Amino acid sequence: MSSEAAIEYEVAQGRAKAFYPRFERKDELQHQTHYCPGCGHGIVHKMLARAIDELGIQDRTILVGPVGCSVFTYYYFEVGNVQAAHGRAPAVATAMKRSRPQSVVVAYQGDGDLSAIGSAEILHTANRGENITVIFVNNAIYSMTGGQAAPTTLLGQKSTTTPDGRSAATEGYPLHMSELLATLEAPVYIERVALGDNKQIAQAGKAIRRAVQNQVRGLGFSLIEVLSPCPTIWKMSAVDAQRWVREVMEKTFPLGVLRDRTKDAAPKALPPAAPALEEIPRILGVAEQDLPAGNAHAMEPGRDVDLEVRIAGFGGQGVLLLGEVLAEAGLDAGLEVSWLPSYGPEMRSGTSNCHVRLSSRPIDSPLVAAPGILVAMNEPSLRKFDHSVRAGGWVIYNGEAFPEDCVRQDLHVLAAPFTQLADELGDARASNMIMLGALLEIAGALPGASVDAALRRLVKNSRWVELDLRALERGRALLKHSFPEVIG
Amino acid sequence: MTEATKHDRGQLRIDRDECKGCGLCIEACPPKAIRLSEGLNHYGYRTAEYAGAGCTACGICFMACPEPGAITVLRVIVHRAVGVAAEGISCASN
């Protein structure tokens, strides 16, 4: 020892700076990883950490962790961390990269995560050529959940779900994700490496570094598949598991470069960065200055409003817009409002209806089971909902006359050919606004200015605003004419 | 330092508490300078330990080890001709 004391040493290989000095995990185990002895994840982690150190990108790296054994990447890497839902790491990484183009985004996934539940995400992310790096650790089995077969499980390999070994006849063939992705046009670099021996480990380290560097250079999508040992689930010693990677796994998953356009790829222009959070209200048109000042058109104080309206018709008649204008006007007037649309998959025709509530008090439920006012824009809607209107309520019906077999004695009814009336005004499509005009007159609750403001917010085209304002007026006049006693 | 008192080029520092005793470093070490300890560590693992001689500071054990900091490879700083020192560095980074 005394002779060695005179010798000076420097660190040739040591813990990477990209790792936290201590891991924020349970109890006294903060100085070691949660991985089993001999697990390949630790080795891949070290390669990635070293690449981050060497490229000097620790302060702009975002690591997207998966579900699986490597779920805790955020315990270890002192970089930005996001933990994605099962299989969704490439989708989350896409969002991170696009909103923060200067970041270096690495999706880290296992084979269950990437090739089974996440097969769609990785396929489309690769096909879009997102400028991210994907580390795909393949150990041919679901390890964290105890050894079920994965898409990558080898033929004949036993697992808890293939106790007699995987059979091509019943479980299909091992899925070659890297080969599959290499058929796509966009990826820049795809290589399969392994942790089977020293030489393979050295090559894996280089490949991972290059995959990260490609992103730093802005070249596009890079993916490294790492054949990795799982001694625990494979029920082998660490050394035997390493040998199994080299001698067995590699036969099914041959190593090598499957795609390399690193030399030819030109750096892509960075997409514009996402707007700052403070700017988003302005972009959406909901910034303070875009909103009506306070309750500019507030209801007179003390007025109690509790309006429950159901509007129904066929898709395309403007059922939902009618409800929206009503609700928006209520909002403008300082009321509590809810608007709940209900429609089928058809964009035109089909049935469509919405529930609207306006109230001076907080609304318990947006559902309107027993409306005070029903707007029925066609006969099927009338027949469907007229029985639900509460006694003493109103029905506004788009038709020459009320069908005789559904006249209830306890309702007020305004039946008129609203479509023709609208046609006379200039466009049959304004019939919804004539009906709204009548409805507003019946409700008598909302300031006209609120309705105007709501209409201008929801209808962008000035020609339509003008027509709709005339339609509203027509509806109000029709109601006053038909039911002079209602007014006042 | 003279030819007569030639030392190993490297030295290993192994964190006995971080090591889980998987044995991959022992398998990986080209000069076979690492062995499994006789005794157990705090967690009950037999851990890797430096055999005491033969390390070339090649760093291969470090990359074979799954733990971030269980192994630290030290390299002797050579105060002789620059050319020799440069050779030493390139060898260790292989």
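Quick notes on the rules
Residues numbered from 1 in each chain as written. Chains lettered and ligands numbered in written order. Predicted model: local features only at pLDDT ≥ 70, side-chain atom pairs only at ≥ 80, totals over all residues. Heavy atoms only, no water. Helix = DSSP H or I, 4+ residues; strand = E, 2+ residues; numbered from the N terminus. Buried < 20%, exposed > 50% of the residue type's maximum accessible area, 1.4 Å probe, protein only. Contact = heavy atoms within 4.5 Å. Areas by Shrake-Rupley, 256 points an atom, 1.4 Å probe, with all protein chains shown as cover. Axes fitted to C-alpha atoms, helices over the stretch in contact; angles between N-to-C directions. Left-handed = near helix turned anticlockwise from the far one by under 90°. Nonpolar A, V, L, I, M, F, W, Y, C, P; charged D, E, K, R; others polar. Buried area = accessible area lost by both parts, 1.4 Å probe. Salt bridge = Lys/Arg side-chain N within 4 Å of Asp/Glu carboxyl O. Expected span 1.5 Å × (residues − 1). Disulfide = S-S within 2.5 Å. Pairing = 2+ DSSP bridges. Patch = residues over 30% accessible without salt bridge, like charges linked within 9 Å, V, L, I, M, F, W, Y side chains within 5 Å. Lys, Arg positive; Asp, Glu negative; His and termini not counted. Charge placed at Lys NZ, Arg CZ, Asp CG, Glu CD. Polar contact = N/O pair within 3.5 Å; in protein donor to acceptor, adjacent residues only side chain to side chain. Core = buried A, V, L, I, M, F, W, Y, C linked by side-chain atoms within 4.5 Å.

A. Just the overall build of chain B, in detail. For chain B, the count of helices and strands is three helices and four strands. Listing every helix and strand of chain B by position from the N terminus yields β-α-β-β-α-β-α. In chain B, buried positions account for 44% of the 94 residues. For chain B, the proportion of contacts with a sequence separation of at least 24, taken over those separated by at least 6, is 58%. By element, 56% of the accessible surface of chain B is carried by carbon and sulfur atoms, the whole surface being about 4800 Å².

B. How the structure looks around the packing of helix H17 (residues 448-458) of chain A against helix H18 (residues 462-482) of chain A. Residue and element names in this part refer to chain A. Where H17 meets H18, the axes come as close as 10 Å, and the angle between the chain directions of the two elements is 145°. Considering the relative orientation of H17 and H18, their crossing is right-handed. Facing H17, whose interface residues are Gly-448, Val-451, Asp-452, Leu-455 and Arg-456, H18 presents Val-465, Asp-468, Leu-469, Leu-472 and Arg-476. Considering only residue class, the contact of H17 with H18 consists of five nonpolar, one polar and four charged.

C. Layout of the interface of chain B and chain A. Each partner contributes residues to the interface: chain B has 34 residues there, and chain A has 33 residues. Of the roughly 3200 Å² buried at the junction of chain B and chain A (both faces included), carbon and sulfur atoms supply 59%. Ranking the residues of chain B by area buried against chain A places B:Lys20, B:Met63 and B:Pro68 at the top, with a combined share of 21%. At the boundary of chain B with chain A, the tally comes to two salt bridges. The closest approach of N and O atoms between A:Arg15 and B:Glu18, which form a salt bridge, is 3.8 Å. Residue assignment for the side of chain B that touches chain A shows that the elements contributing at least two residues are strand E1 (10-14), helix H1 (24-28), helix H2 (60-64) and strand E4 (71-76) of chain B.

D. Inspection of helix H2 (residues 40-55) of chain A at higher detail. Residue and element names in this part refer to chain A. For H2, spanning 16 residues, the distance from its first C-alpha to its last is 23 Å, which sits close to the expected 22 Å at 1.5 Å a residue. Among the 16 residues of H2, twelve are classified as buried, and the element is accordingly described as predominantly covered. Those residues of H2 that sit buried are Gly-40, His-41, Gly-42, Ile-43, Val-44, His-45, Lys-46, Met-47, Leu-48, Ala-49, Ala-51 and Ile-52. One or two steps after H2, the chain reaches Gly-56, where phi turns positive at roughly 65°.

E. Highlighting the state of the cysteines. Residue and element names in this part refer to chain B. Going through the model one piece at a time under the given rule, you end up with zero disulfides over all chains. Just so you know, Cys-55 is unpaired, no disulfide at all, and the nearest cysteine sulfur is the one on Cys-61, 6.5 Å from it. For Cys-55, a relative accessible area of 8% puts it in the buried group.

F. Structural context of the sheet that holds E1(B). Pairing is antiparallel across the open sheet formed by three strands, whose spatial order is E1(A)-E4(B)-E1(B). Each of the sheet's edge strands pairs with one partner strand only, and the pair in question is strand E1 (9-13) of chain A together with E1 of chain B. Within the sheet, the average angular offset between the axes of one strand and its neighbour, ignoring direction, is 35°.

G. The arrangement of the side chain of A:Ser178 in detail. Residues and elements named next belong to chain A. Inspection of the secondary structure assignment puts Ser-178 in helix H8 (residues 177-181). When its relative accessible area of 0% is taken as the criterion, Ser-178 is described as buried. In this view, Ser-178 contacts Ile-190, Arg-192, Leu-223, Glu-225 and Leu-258; residues no more than four positions away in its chain are not counted.

H. Quick peek at a negative patch on the surface. A cluster of acidic residues, A:Asp27, A:Glu28, B:Asp15 and B:Asp17, forms a negative patch on the protein surface. Inspection of the secondary structure puts B:Asp15 in the loop between E1 and H1.

I. Focus on the side chain of A:Glu130. Residue and element names in this part refer to chain A. As for its position among the elements, Glu-130 is in the loop between helix H6 (119-128) and strand E5 (133-138). According to the relative accessible area criterion, Glu-130 is buried, its value standing at 6%. In this structure the side chain of Glu-130 is engaged in a polar contact, spanning 2.6 Å, whose partner is the side chain of Arg-98. Apart from the residues within four sequence positions on either side, Glu-130 is in contact with Thr-94, Arg-98, Thr-125, Gly-220 and Phe-221.

J. A look at the nonpolar core. If you look at the biggest cluster of nonpolar residues, it comprises 62 residues, and the most contacted ones within it are A:Leu48, A:Phe77 and B:Leu12. If near-sequence neighbours (up to four positions away) are discounted, A:Leu48 is found in contact with A:Leu63, A:Phe77, A:Val106, A:Tyr108, A:Ile208 and A:Val212. In terms of nonpolar packing, the next biggest core, distinct from the first, is built from 50 residues, A:Ile311, A:Leu425, A:Leu436 and A:Leu467 among them.

K. Spatial organisation of the environment of A:Gly256. Residue and element names in this part refer to chain A. Among the secondary structure elements, Gly-256 is positioned in strand E8 (residues 256-260). Residue Gly-256 is classed as partly exposed on the basis of its relative accessible area, which comes to 25%. Along the sequence, Gly-256 and Arg-192 sit 64 residues apart, while their C-alpha atoms lie 5.3 Å from each other. Dropping the residues within four chain positions of it, Gly-256 is found in contact with Ile-190, Glu-191 and Arg-192.

Any functional reading would require information beyond the geometric quantities listed.
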